[in-house]
Amino acid sequence: MSTKERYVNLFTDYGFKKIFGEEPNKNLLLDFLNELLREEQGEILDLTYLKTEQLGDTDIDRKAIFDLYCENDRGEKFIVELQKSKQNFFKDRALYYSTFPIRDQAERGDWNFKLKAVYTVAILDFVFDEDKDKPEKYRYDVKLTDVDTNRVFYDKLTFIYLEMPKFNKTLEQLGSRFDKWLYVIRNLNRLERLPDTLREQVFEQLFDTAEIAQFTPDQIRSYEKSLKYYRDMKNSLDAAFDEGKQEKEREIVINGLKQGLDLKMIAALTGLQIEEIEKIQQEL
């Protein structure tokens, strides 16, 4: 086995669906959603997994595949998505996906258009660019609201975004069950054992399920394939980010030199060493 981690990485497709998407572990997803939505929803008593593939009218519709799609005991629908990297028009995609459980509620014949609520929960392994100036805010609850009063205009369509890189609480700082869930999602594969702070039945079950040593050979191969994809993608994104950062720094240096700024001032603006700035200067 190529990984030395004891527990699965929940940001891999395999790890995410192993914990949240299998019938024997349905109570884990139920507990997570209850902690996420209890104030608004009350207690969700049961969940039913639905088909994640959509049978729509077009080829695009049929390609829409959710990570997890389920329904509670009141007929309300939940899309739970894991998003590992930034994606162009991700918010558009989330909105588009929410239309499927809305349209699925249409009834034949005389129908009064009454709808059940739809929730899209997106667990993000990145931060939206426009949210970087709010490092303490990692949960976003989005509804249709009136722009003047900020009152909710329609309460049956909800998007919840969890920006996991912002969640940096330590075990000692965990103040709620919801905090504990976010801590596990963020840190599971980095842990060597179940911390005492998390010694509750639901987390004991989760850690037992997530222990790689308990996997069959086929499960290990599937997980390692999923882990390799995740790591390769992250490495590619990190490399692209570094290239973009270097290009931006070079642009600032060139503009600074053209404006006659001294090298120390440019170094302060960019964080680069004087020698690096001189090298760019010589290339001009």
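Residues numbered from 1 in each chain as written. Predicted model: local features only at pLDDT ≥ 70, side-chain atom pairs only at ≥ 80, totals over all residues. Heavy atoms only, no water.

Caption draft 1: A look at the pairing of strand E5 (residues 139–145). As paired strands, E5 and strand E6 (residues 152–163) are joined by six bridges and run antiparallel to one another. In the sheet register, tyrosine 140 faces E6, and the bridge partner there is tyrosine 161. (Pairing = 2+ DSSP bridges. Helix = DSSP H or I, 4+ residues; strand = E, 2+ residues; numbered from the N terminus.)

Caption draft 2: Local environment of the sheet that holds E5. With mixed pairing, six strands are arranged side by side in an open sheet as E1-E2-E3-E4-E6-E5. Of all strands in the sheet, those bounded by a partner on one side alone are strand E1 (47–49) and E5. Adjacent strand axes in the sheet meet at a mean angle of 25°, parallel and antiparallel pairs treated alike. As paired strands, strand E2 (residues 68–72) and strand E3 (residues 77–83) are joined by four bridges and run antiparallel to one another. Bridge pairing in E3 places tyrosine 69 opposite isoleucine 79. (Axes fitted to C-alpha atoms, helices over the stretch in contact; angles between N-to-C directions.)

Caption draft 3: Seen up close, the packing of helix H2 (residues 26–41) against helix H5 (residues 177–187). Remark: H2 packs on H5, axes separated minimally by 9 Å, with the N-to-C direction vectors making an angle of 125°. Between H2 and H5, the crossing angle belongs to the class labelled oblique. Two packed elements cross with a definite hand, and for H2 against H5 that hand is left-handed. From H2, Leu28, Asp31, Phe32, Glu35 and Leu36 reach across to H5, where they touch Arg177, Phe178, Trp181 and Ile185. Within the contact of H2 with H5, the residues separate by chemical class into six nonpolar, no polar and three charged. (Parallel < 35°, antiparallel > 145°, perpendicular 65-115°, else oblique. Left-handed = near helix turned anticlockwise from the far one by under 90°. Contact = heavy atoms within 4.5 Å. Nonpolar A, V, L, I, M, F, W, Y, C, P; charged D, E, K, R; others polar.)

Caption draft 4: Representation of the domain arrangement of the protein. According to the domain assignment, the protein contains domain 1 (13–214) and domain 2 (216–283). Distance from the C-alpha centre of domain 1 to the C-alpha centre of domain 2: 32 Å. Tallying the contact residues gives eight residues for domain 1 and eleven residues for domain 2. The contact between domain 1 and domain 2 buries some 880 Å² in all, and 60% of this surface belongs to carbon and sulfur atoms. It is Tyr14, Lys84 and Ile212 that lose the most area in domain 1 upon contact with domain 2, and together they represent 56% of the buried surface on that side. Counting across the domain 1 and domain 2 interface gives zero salt bridges. Where domain 1 meets domain 2, there are three residue pairs in polar contact (both at pLDDT 80 or more). Across the side of domain 1 that touches domain 2, the residue classes break down as two nonpolar, two polar and four charged. (Domains from an automatic or database assignment. Buried area = accessible area lost by both parts, 1.4 Å probe. Salt bridge = Lys/Arg side-chain N within 4 Å of Asp/Glu carboxyl O. Polar contact = N/O pair within 3.5 Å; in protein donor to acceptor, adjacent residues only side chain to side chain.)

Caption draft 5: Quick peek at the nonpolar core. Residues Phe32 and Leu33 are the most contacted members of the largest nonpolar core, which totals 54 residues. By residue number, the principal contributor to this core is H2, which donates seven residues. Two domains each provide a minimum of three residues to this core, namely domain 1 (13–214) and domain 2 (216–283). Look past the residues within four positions of phenylalanine 32 in its chain and what remains in contact with it is Phe20, Ile123, Leu162, Phe178, Trp181 and Ile185. Formed by eleven residues, the second largest nonpolar core is a distinct cluster that contains Val118, Phe128, Tyr140 and Phe159. (Core = buried A, V, L, I, M, F, W, Y, C linked by side-chain atoms within 4.5 Å. Buried < 20%, exposed > 50% of the residue type's maximum accessible area, 1.4 Å probe, protein only.)

Caption draft 6: Empty space enclosed by the protein, seen in detail. Tallied over the full model, the rule gives one cavity of 30 Å³ or more. Space inside the largest cavity adds up to approximately 50 Å³. Taken together, Ile79, Glu81, Phe90, Arg93, Ala94, Tyr97, Thr120 and Ala122 make up the lining of the largest cavity. Of all the secondary-structure elements, those providing two or more residues to the lining of the largest cavity are E3, helix H4 (90–103) and strand E4 (118–124). The dominant element in the lining of the largest cavity, judged by the number of residues it contributes, is H4, at four residues. (1 Å grid on protein atoms, 1.4 Å probe; cavity = no way out; pocket = protein on both sides within 12 Å on 5 of 7 lines; lining within 4 Å. Points joined across faces, edges and corners; volume = space filled by probe spheres on them.)

Caption draft 7: Spatial organisation of unusual backbone geometry. A positive phi angle, near 70°, is found at phenylalanine 113, a position not held by glycine. Tracing the backbone through its elements, the reader meets phenylalanine 113 in the loop between H4 and E4. The backbone of asparagine 150 sits at a positive phi, close to 65°, despite the residue not being glycine. Structurally, asparagine 150 is set in the loop between E5 and E6.

Caption draft 8: Expanded view of the pairing of E2. A large share of E2 lies buried, amounting to four of its five residues. Of the strand pairs in this sheet, E1 and E2 are connected by three bridges, and their pairing is antiparallel. The residue of E2 that forms the bridge with tyrosine 49 is cysteine 70. The hairpin formed by E2 and E3 contains four residues between the paired strands, and glycine 75 there has a positive phi angle of roughly 85°.

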